Amino acid sequence: MLKRTILMNGSKVTFVADAAEKLSDVIRKQLGLTGTKVGCGSGECGSCTVILNGKVVRSCITKMKKIKDNDEIITIEGVGSKDELHPLQVAWMVYGGAQCGFCSPGFIVSAKNLLDKNDNPTREEVRDWFQKNKNVCRCTGYKPLVDAVMAAAQLLRGEIEVKDIWKSLPEGASIVGSDYVRPSALAKVTGTWDFGADLGLKLPENTLHAKLVQAEVSHANIISIDTEEAKKVPGVVAVLTYKDVKGTNRINGLAFPTNKGDGLERPILNDKKIFQYGDAIAIVLAENEKAAHAGVEKVKVELEVLPAYMNAPDAMADDAIEIHPGTPNVYFNNHISKGEETSPIMQSAPYVVEDSFYTQRQPHLPIEPDVGFAYVDDDGKLIIHSKSIAIHFHALMIAEGVGMKAEDVYIVQNNTGATFGYKFSPTMEGLLGVATMATGRPVYLEFNMKQQITYTGKRSPFWTTMKLAANEDGKILALESDWSVDHGPYSEFGDLLTQRGMQFGCAGYGIPNIRGNGRTVCTNHGWGSAFRGYGAPEIMFPSEVLIDELAEKVGMDPFEFRYKNIYREGDTTPSGCKPDVYCLEELFDKSRPAYEAAKKRAAQKNANALPGKKYGVGVSVNIYGCGLDGPDSSEAWAEITPKGVSVGNSWEDHGQGADIGTLTFAHETLKPLNLKPEQIDLVLNDMTKTPNSGPAGGSRSNVVTGNATVVACQNLLESLKKEDGTYRTYEEMVAEGRELKYMGKWTAPCTDTPPEHGQGDPFAAYMYGVCVAEVEVDTASGKTNVEKMLLASDVGTIINRLVVDGQMYGGLVQGIGLALTEDFDDLRKHTTLTGCGIPTIKDVPDSLELMYTEYQRPNSLLGASGAGEMPLAAPHAAIINAIYNACGARVTHLPARPEKVLAALAD
Ligand code: FES
Ligand code: FES
């Protein structure tokens, strides 16, 4: 133990701590300064950055023994507060620097140290600084962060004032399409936005700390689990196995009727078998974290290790055993049939191309690892707080498993340090429920980054073969495809994902004749959960690369070949329905000058290149649908209050901006009341208060929940309206005894695409984009550097410009990771952010250009589609096409790490 007196944010503080303790833990847990966040816990992400004696340090790898008396530490709380913001905090809000906001305190503290030393840095110096100090952001694509630092530097130098960048809203103005700052931004940039781990420090004293005993093999029979020694560890209160689960111990995966399994194969605590590395075998519950860890070490598990099928082809082999006995490893099939039979066309067409592709098990890599807690409230209801982005779904999926009626389980979404979709599946909700039900005490569980990466779901790899035919004029005549989806051992939403292979294979092009077969395969690698784009990046990669191959065969420029074939009046989607709008032609026209300029740049660079350096340009069409398939619906409410209006919905927030989304839909609809945005109170994502708005996935929220919010506000307005056209006040409503709260429900006028033929009208709206990527390839090392990207998008009405820009930047950068570096395959290597290939700031270009058209979406009450998933639908294909354009290396299996580029070059 050591005693220290230090200067913390300018005030003297004395404390006693263990010399081996991490500085981050002391700051957060002993000194209560929770603005400093802990993401990776191992020095890779910079979310724990503080300034120690004038230098940036990562507090999670700084041990207390290094701290001396009189040391000076500055945390985010010392940079500025809500009443006295530092220019960096202002700029962070104005430039959309805080999406989920988990990285924001670390970045801002780091940037403060830079600006303290140099108040006039170049953009490249800012990027170098964040690279050197390992500040990593998974949401923003980095560009807005550099914009914010540059503006803050200008503010500090006195060249501009806050009012120059933070425009005040004119009286009565609409905020639709504006860059109105999201309501949560202030708390995020000041470190006062409490995430799950911060709330965990505020739980009652009798809260138990949970740690898991997890599998370290991928497939095994469980022979025995011995918990006796663990129970004897001082501080351990209980050690739970499947035997202690009060319910069915199964998560309901909501399987399609044609799924050959029942969707109940996923245990909460594994009982008979281990299905994947990281499966939870036991929960140790203790009075403190250390005791829980010690207990985990003492649990003995005896296993009979079985052959592990770590990819779809292996699990589909004739001699593969059934991973879930009784259910075939190929457990779901679908078939698309549009137009005429394709085989005669393939035989007679003048131009035919065929290729095989692989998209990898992309890890989501949120900077905040999974975290949650649970308790039983005074009415006997089980309340679970987690990062869930599907709170009503998840209550339904775990209730029977933990031994509760669905109506007695309530989920609350904590402020969330991003999910990108992995939380569409329940992760720890079932475990927390089991632990609380078994002990009757509140339980807290947090994952470290390795657990986050190995336990939670991943993007499912697709193994795809695709064939395209075109006529003499370069018009595409037919598509044939075959895709196998490696969904890991658990089926939940795997059938839905496989459907996406039908819906987005060569989407964007008016192809009259399509045949294809998809299947979902059970394997022993990480289970498949939703990931931004959900099926589109997997199937649009083959599509968009094969389109390039066909363009080459026809002898056309890939941009113009696409232009010739994109949706126009009379064309239909792969599902056989009319696209909601025909905007692609204008998007191409708008981006053509940039494409031509990019080609010219590449030609000039190639002419003057150093030996081994090659430059190229690639294009892709990006498309995704908004909504869960068919008649997707959502609910919201609006209530008149003495201060204005409260609006409630369950628009779960990964960090994408559910707060500003809800606010904007409500503010616009309630315009007749002339409310200021701050008079609208948001009540979000708490099943005890908010209605079933469905999950925040499939880019549905901005359409389906946006519409439900509009309807709720319209219903309120209707009741407020007097005969003379004016509106009742709250007091008048009370005096007249009128209802104060009104529900709104909206259902998409859509139909399913049955797995037998894939034809229907599945989505309320679509999002469209054209992406142009410019790359440099080092043909000696195989390394690719993305130098510039452009995304021309149409997402209908832009509800909030900052949010939409932020989604575009973030999606493009995740596309760079998908193209070049990211994977979760090797269970020894791919267990850290770096090991999984997360892009750092210098891995991505500062030159990310956005342009928009705004075709009004007929099904959206404000004309908007979603935004989040389209930018990740196919930017990786544009990059891969650019590599080919640069050096002739055609990479078809992702990621295109240097060795694959070299191998493709050798081919
Ligand atoms: S670097 Fe400290 S939490 Fe990631
Ligand atoms: S805003 Fe940077 S990680 Fe989410």
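## A word on the environment of serine 386
Next up, step 1: On the secondary structure map, serine 386 appears in strand 17 (residues 382–386).
Next up, step 2: The class for serine 386 is buried, based on a relative accessible area of 1%.
Next up, step 3: The spatial distance from the C-alpha of serine 386 to the C-alpha of aspartate 370 is 7.9 Å, given a sequence separation of 16 residues.
Next up, step 4: Among residues more than four places away in sequence, those in contact with serine 386 are Val371, Gly372, Ile411, Val412, Gln413, Asn414, Lys423 and Glu429.
Next up, step 5: Among the polar contacts made by the side chain of serine 386, one reaches the main-chain amide nitrogen of serine 388 at a distance of 3.0 Å.

## Some words on the packing of aromatic side chains
Next up, step 1: The tally for this structure, following the rule as stated, stands at 22 aromatic pairs.
Next up, step 2: Geometrically, the ring pair formed by phenylalanine 107 and tyrosine 142 is tilted, given 6.5 Å between the ring centres and 55° between the ring planes. Remark: tyrosine 142 occurs in the loop between helix 5 (123–132) and helix 6 (143–157) and phenylalanine 107 occurs in helix 4 (residues 104–117); sequence separation between them is 35 residues.
Next up, step 3: By relative accessible area, phenylalanine 107 is classed as buried at 1%.
Next up, step 4: Each residue in the set Phe275, Phe447, Tyr455, Tyr490 and Trp527 is aromatic and connected to the rest through ring pairs, giving one cluster.

## Quick notes on the packing of helix 18 (residues 536–554) against helix 25 (residues 875–887)
To describe two helices that pack against each other, one gives the angle between their axes and the distance between the axes.
Next up, step 1: The interhelical angle for the contact between helix 18 and helix 25, taken along N-to-C directions, is 35°, at an axis separation of 8 Å. Here the hand of the crossing between helix 18 and helix 25 comes out right-handed. Facing Pro537, Met540, Phe541, Glu544, Val545, Asp548 and Glu552 of helix 18, the residues of helix 25 in contact are His876, Ala877, Ile880, Asn881 and Tyr884.

## Focus: the sheet that holds strand 20 (residues 462–470)
Next up, step 1: Pairing within the open sheet is mixed, and its five strands lie in the order 14-22-21-20-15. The open sheet has two edge strands, strand 14 (330–338) and strand 15 (351–359), and neither has a second partner. Averaged over neighbouring strand pairs, the angle between their axes works out to 10° when direction is ignored.
Next up, step 2: The pairing of strand 15 with strand 20 spans nine bridges and is classified as antiparallel.

## Side note on the packing of helix 21 (residues 658–669) against helix 22 (residues 701–720)
Next up, step 1: Contact geometry for helix 21 and helix 22: axes closest at 9 Å, N-to-C directions at 35°. Considering the relative orientation of helix 21 and helix 22, their crossing is right-handed. Residue-level inspection shows Thr662, Phe665, Ala666 and Thr669 of helix 21 in contact with helix 22, the latter providing Asn702, Gly706, Thr709, Val710, Cys713, Gln714 and Leu717.
Next up, step 2: Residue composition of the contact of helix 21 with helix 22, grouped by class: five nonpolar, six polar and no charged.

## Quick look at the sheet that holds strand 27 (residues 741–747)
Next up, step 1: In space, the four strands of this open sheet follow the order 26-25-24-27, with mixed pairing throughout. Sheet topology places strand 26 (680–684) and strand 27 at the edges, where each strand pairs with a single neighbour. When strand polarity is set aside, the average angle formed by the axes of neighbouring strands in this sheet is 20°.
Next up, step 2: Looking at chain direction, strand 24 (residues 633–640) and strand 27 are connected through seven bridges and run antiparallel. Looking at strand 27, one finds that glutamate 639 is bridged to lysine 741.

## Brief notes about the pairing of strand 18 (residues 409–413)
Next up, step 1: Burial analysis of strand 18 places five of its five residues in the buried class, which makes it a mostly covered element.
Next up, step 2: Burial along strand 18 is two-sided: the residues Val409, Ile411 and Gln413 and Tyr410 and Val412 are all buried.
Next up, step 3: As paired elements, strand 17 and strand 18 share five bridges and run parallel to each other. Each residue of the ladder has a partner; that of serine 386, found in strand 18, is glutamine 413.

## Quick look at the pattern of salt bridges
Next up, step 1: Under the defined criterion, the tally for this structure stands at 56 salt bridges.
Next up, step 2: Among the salt bridges present, the one from lysine 82 reaches aspartate 83, with a minimum N-O distance of 3.7 Å.
Next up, step 3: Take lysine 82: its relative accessible area is 55%, and that puts it in the exposed class.
Next up, step 4: Judged by its relative accessible area of 67%, aspartate 83 is exposed.
Next up, step 5: Arginine 890 is paired through a salt bridge with glutamate 549; the nearest N and O atoms lie 3.9 Å apart. Within this pair, whereas arginine 890 is found in the loop between helix 25 and helix 26 (898–906), its partner glutamate 549 is found in helix 18, the two being separated by 341 residues in sequence. Pair check on accessibility: arginine 890 and glutamate 549 agree, each one buried.
Next up, step 6: A single network of salt bridges, built from pairs that share partners, joins Asp25, Lys29, Lys211 and Glu289.

## Structural notes on unusual backbone geometry
A negative phi angle characterises most non-glycine residues, just as the trans form characterises most peptide bonds.
Next up, step 1: Omega for the bond connecting leucine 894 with proline 895 falls within 30 degrees of zero, at -5°, which places this linkage in the cis form.
Next up, step 2: With respect to the helices and strands, proline 895 occurs in the loop between helix 25 and helix 26.
Next up, step 3: Its identity is not glycine, yet serine 699 carries a phi of approximately 45°, on the positive side.
Next up, step 4: Tracing the backbone through its elements, the reader meets serine 699 in the loop between strand 26 and helix 22.

Criteria and thresholds
Residues numbered from 1 in each chain as written. Chains lettered and ligands numbered in written order. Predicted model: local features only at pLDDT ≥ 70, side-chain atom pairs only at ≥ 80, totals over all residues. Heavy atoms only, no water. Helix = DSSP H or I, 4+ residues; strand = E, 2+ residues; numbered from the N terminus. Buried < 20%, exposed > 50% of the residue type's maximum accessible area, 1.4 Å probe, protein only. Contact = heavy atoms within 4.5 Å. Polar contact = N/O pair within 3.5 Å; in protein donor to acceptor, adjacent residues only side chain to side chain. Phe/Tyr/Trp six-rings, centres within 6.5 Å; stacked < 30°, edge-to-face > 60°. Axes fitted to C-alpha atoms, helices over the stretch in contact; angles between N-to-C directions. Left-handed = near helix turned anticlockwise from the far one by under 90°. Pairing = 2+ DSSP bridges. Nonpolar A, V, L, I, M, F, W, Y, C, P; charged D, E, K, R; others polar. Salt bridge = Lys/Arg side-chain N within 4 Å of Asp/Glu carboxyl O.

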